[in-house]
Number of protein chains: 2
Amino acid sequence: MTAGEQARATTQQPLAASGADDAFAAGAAWIEGEIVPVAQARIPILDTGFVRSDLTYDVVSVWQGAFFRLDDHLARFERNWRRLRLVPPLAREQMRTILIELARRSSLRDAYVAMIATRGVPPAGERDPRRFPNRFYAYAVPFVWIQRPEQQAGGVHLVVARDTHRIPPTSIDPTVKNFHWGDLVRGLYEAYDRGGALGALSDGAGNVTEGAGFNVFAVVDGVVRTPAAGVFDGMTRRTLLELLEREPLAPLRVAALPLADLARASEVFLTSTAGGVMPVTTLDGAAVGDGRPGALTRALRERYWAAHAEPRWATPVSS
Amino acid sequence: MTAGEQARATTQQPLAASGADDAFAAGAAWIEGEIVPVAQARIPILDTGFVRSDLTYDVVSVWQGAFFRLDDHLARFERNWRRLRLVPPLAREQMRTILIELARRSSLRDAYVAMIATRGVPPAGERDPRRFPNRFYAYAVPFVWIQRPEQQAGGVHLVVARDTHRIPPTSIDPTVKNFHWGDLVRGLYEAYDRGGALGALSDGAGNVTEGAGFNVFAVVDGVVRTPAAGVFDGMTRRTLLELLEREPLAPLRVAALPLADLARASEVFLTSTAGGVMPVTTLDGAAVGDGRPGALTRALRERYWAAHAEPRWATPVSS
């Protein structure tokens, strides 16, 4: 069985031998020192993480019982909360312990584990965010697929929104992972209206950026291309770039990707922790290449899933 | 006592005769059919209103026991959730009843009453936001001052951020009230770093837009000016425009407001439900006019607070 087939075959079965607690089968959350079933997990309505979206977050996957690149996610998360001048109430090592414990408690072999640092709840009468006690939340839920493995053979129908542009980096730094998804959601609704399943946004200057939770890659004139700036440095994107550096299946160019080049690409694919490497088979209603997942896309998907077994990137939940 | 003096004299005293419940003294919230003390009010961590900031909201003030322009706020709120294709679980009339009840239960004579419509919690395994059951939340808390009345004599020290621009309308429609405040918070931190108390953002093309929860006005060559587009149509802004139409204290021009004009303005002031009309006395460290609140600013503040007594705009809490 190839790694890709394993990916497609894996289901959401709890670990039978772990003494799984049913209340946690749908996931577990860490809320202010307590681990609770995710369905009961709630945050204060006055947390400025909600009423200002003043937060950063990260999401790491657990795949076949092991975290993938846990420490890389934690390092990126710390960089980002420092950029927002947040000081979470826990050290990175404590967060790490909590994330592992959440995966263990939820008994999910394949999970999506989120960590969130918020500005927190203002003390009574206080409006200066520098004086809010910052908060940390985390939760583990069953692995989320943007596109389920059985759908990936058919490929994604992608639409590039015409009327909505990605929030520019001069307003919001896209590398500080955030929930300012209004533009992405607007793009998704436009995609639905135009017969697509997912939407990507341009930068308003003729280049593609990213979509709701994924990066965009294209193969143009035999070169693998993805935008360099104005996008999140997704961990799946980063992994593919590292894998391509180690084993150059094709030349790579990380630079602005014009919509005109995207339109004539022989292959297009999306990358996300929530789904890995997802082939795009139609773009704005027209077939990409021969309308089937391309050879480079399939090869990179294979390598991406195989990389999950590399010890340097795997942190077993049960360790 | 003038309306302005009344505004400054009013405090956060609960209504003595209302049988106030202490648990609700800090505010009350409506969470899925129940009214709870605001300190206990929590929302699901998986609500996409939090983990996507996929929502719209509105805030209406209660002043001296009466809502100010309650139905105008509700109309704007409805327009905005329709724009996001949200379908809250309650009709507008039910929301109205809840808001009044929250103000009544909290026993606050001066309150800040928020209503929020979110995309809601995804059903298990569902990623299509069109199939999420949308939610409605609301809460009443003690009146929030961006700048307290006793500080308004001194005026605001305002800084226009250099490195951060307002999210453009091609990405997020600023007239659909939202919590995408990352740019505004970044501007506020830049203001702090440069000795200011509040920050405003430009549009990246040399015009001022707005700040964290307020609109910007300036008096330039005797003309009252405020930006026409790329900003939220705040209710305090709208009220001033209507009052100026009824009683033209000065010529009015609603159009792009260049930073160069702002810099040479004889008066600058900010408008917000959380504070009314707030004079700006320094801009980027330099005195505005003679460095004291200007005559037009004071006249408009007076008229703004006096307008709270107009029956067409007042909805008594106890009615």
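Scroll up a little and you will see the structure.
Now for a description of the structure that goes with this document. Just so you know, these numbers come straight off a predicted model, no measurement behind them. Residue numbers here run from 1 along each chain, matching the order of that chain's written sequence. Labels follow written order: the first chain is A, the first ligand is 1, and so on. The predicted nature of this model means local features are confined to residues of pLDDT at least 70 and side-chain atom pairs, given and counted, to a pLDDT of 80 or more, with totals for whole chains, interfaces and linings taken over all residues. Side-chain metrics in this entry use all non-hydrogen atoms of the structure; hydrogen atoms and water are not considered.

Bringing the overall build of chain A into the picture now. Broken down by element type, chain A carries 9 helices and 17 strands. Seen through its principal axes, chain A has C-alpha atoms that stretch 55 × 50 × 35 Å. Categorising residues by exposure relies on relative accessible area from a 1.4 Å probe, with only protein chains included: less than 20% of the type maximum marks a residue as buried, more than 50% marks it as exposed, and the intermediate range marks it as partly exposed. Considering chain A as a whole, with its 319 residues, one finds that 60% of them fall into the buried category. Contacts: residue pairs with any heavy atoms within 4.5 Å of one another. The contacts in chain A between residues at least 6 apart in sequence include a share of 71% that link residues at least 24 apart. For chain A, the accessible surface area stands at approximately 12200 Å², while carbon and sulfur atoms represent 52% of it. Only four residue types enter the tally: Lys and Arg on the positive side, Asp and Glu on the negative side, with His and both chain ends excluded. For charged residues, the charge sits on one atom: NZ in Lys, CZ in Arg, CG in Asp, CD in Glu. The average position of the 36 basic charges and that of the 35 acidic charges among the side chains of chain A differ by 3 Å. Only DSSP runs of H or I covering at least 4 residues are called helices, and only runs of E covering at least 2 are called strands; the numbering of each starts at the N terminus. The accessible surface values rely on the Shrake-Rupley method and a 1.4 Å probe; as for residues, cover is taken only from the protein chains in view.

Residue and element names in this part refer to chain A. Strand pairing is assigned whenever DSSP identifies at least 2 bridges connecting the two strands. What the 7 strands build is an open sheet, ordered S2-S1-S7-S6-S4-S5-S17; its pairing is antiparallel. The outermost strands of the open sheet, each flanked by one partner alone, are strand S2 (34–37) and strand S17 (314–316). For this sheet, the mean inter-axis angle between neighbouring strands, taken without regard to orientation, is 25°. Note: strand S4 (residues 55–63) against strand S6 (residues 111–118), 8 bridges, orientation antiparallel. The partner of Val-62 across the bridge, within S6, is Ala-111. Geometry is summarised by axes, namely lines fitted to C-alpha atoms with helices restricted to the contacting stretch, and by angles between N-to-C directions that run from 0 to 180 degrees.

Residue and element names in this part refer to chain A. By definition here, a helix of n residues has an expected span of 1.5 Å times n minus one. Counted at 1.5 Å a residue, the expected span for helix H4 (residues 92–106) with its 15 residues is 21 Å, and the 21 Å between its end C-alpha atoms agrees. Along H4, the residues classified as buried are Met-95, Arg-96, Ile-98, Leu-99, Ile-100, Leu-102, Ala-103 and Ser-106. In the stretch just after H4, Ser-107 is the one whose phi turns positive, near 60°.

Residues and elements named next belong to chain A. Its 12 residues place the ends of helix H9 (residues 295–306) 17 Å apart at the C-alpha level, agreeing with the 16 Å of an ideal helix rising 1.5 Å per residue. Listed as buried for H9 are Leu-296, Thr-297, Leu-300, Arg-301, Tyr-304 and Trp-305. The buried residues of H9 occupy an angular sector of 160° when projected down its axis, which confines them to one face. Summarising the geometry, the arc corresponds to the directions from the helix axis toward the C-beta atoms.

What follows deals with the packing of helix H3 (residues 70–83) of chain A against H4(A). Residue and element names in this part refer to chain A. The interhelical angle for the contact between H3 and H4, taken along N-to-C directions, is 130°, at an axis separation of 11 Å. When the axes of H3 and H4 are compared, the pair comes out oblique. The handedness of the crossing between H3 and H4 is right-handed. Contacts between H3 and H4 involve Leu-70, Asp-71, Leu-74, Ala-75, Phe-77, Glu-78 and Trp-81 from the first element and Arg-92, Met-95, Arg-96, Leu-99 and Ile-100 from the second. A breakdown of the residues in the contact of H3 with H4 according to their chemical character gives 8 nonpolar, no polar and 4 charged. Our angle categories are set so that under 35 degrees counts as roughly parallel, over 145 as roughly antiparallel, 65 to 115 as roughly perpendicular, and the remainder as oblique. Working rule for handedness: look at the near helix, and if it is turned counterclockwise from the far one by less than a right angle, call the crossing left-handed; if clockwise, right-handed. Under the grouping applied here, Gly and all other residues not named as nonpolar or charged are polar, the nonpolar ones being Ala, Val, Leu, Ile, Met, Phe, Trp, Tyr, Cys and Pro and the charged ones Asp, Glu, Lys and Arg.

This part takes up the relation of the copies chain A and chain B. Least squares is the method for superposing the copies, and the C-alpha atoms it fits come from residues with pLDDT of at least 70 in both. Aligned on chain B, chain A shows an RMSD of 0.0 Å; the corresponding rotation is 180° and the shift along the axis is 0.0 Å. Taken together, the rotation angle and the small translation identify this as a two-fold axis. Here 100% of the contact residues of chain A are again contact residues in chain B; the copies associate through an equivalent surface.

Glancing now at the side chain of Thr239(A). Residues and elements named next belong to chain A. Here Thr-239 is to be found in helix H7 (residues 235–246). Polar contacts here mean pairs of N or O atoms no more than 3.5 Å apart (in protein, one a potential hydrogen donor and the other a potential acceptor; neighbouring residues in sequence count only if both atoms are side-chain atoms). Separated by 2.7 Å, the side chain of Thr-239 and the backbone oxygen of Met-235 make a polar contact. Once residues lying within four places of it in the same chain are set aside, the contact partners of Thr-239 are Phe-68, Arg-69, Tyr-304 and Trp-313.

Okay, the environment of Tyr137(A) next. Assignment of secondary structure puts Tyr137(A) in strand S7 (residues 135–142). Between the alpha carbons of Tyr137(A) and Gly154(A) there is a distance of 37 Å; along the sequence they are 17 residues apart. In this structure Tyr137(A) touches Trp30(A), Ile31(A), Glu32(A), Ile43(A), Pro44(A), Asp47(A), Ala114(A), Met115(A), Ile116(A), Thr118(A) and Ile45(B), once residues within four positions along its chain are discounted. One polar contact links Tyr137(A) to Asp47(A), side chain to side chain, over a distance of 2.6 Å.

Another point: the interface of chain A and chain B. Each partner contributes to the interface: chain A provides 55 residues, whereas chain B provides 56 residues. Note on terms: buried area is the combined drop in 1.4 Å-probe accessible area of two parts once they are placed together, counting the loss on both. Each partner contributes to the roughly 4800 Å² buried at the junction of chain A and chain B, and carbon and sulfur atoms together form 59% of this total. A pair is scored as a salt bridge if a Lys or Arg side-chain nitrogen falls within 4 Å of a carboxyl oxygen belonging to Asp or Glu. The interface formed by chain A and chain B includes 4 salt bridges. Counting across the interface, chain A meets chain B through 27 residue pairs in polar contact (both at pLDDT 80 or more). Elements that contribute at least two residues to the side of chain A that touches chain B include exactly strand S3 (42–44), helix H2 (48–51), S6, S7, strand S8 (156–165) and helix H6 (182–193) of chain A. Of the residues forming the side of chain A that touches chain B, the biggest block, 8 residues, is contributed by H6(A). Looking at the side of chain A that touches chain B residue by residue, the class counts come to 28 nonpolar, 10 polar and 17 charged.

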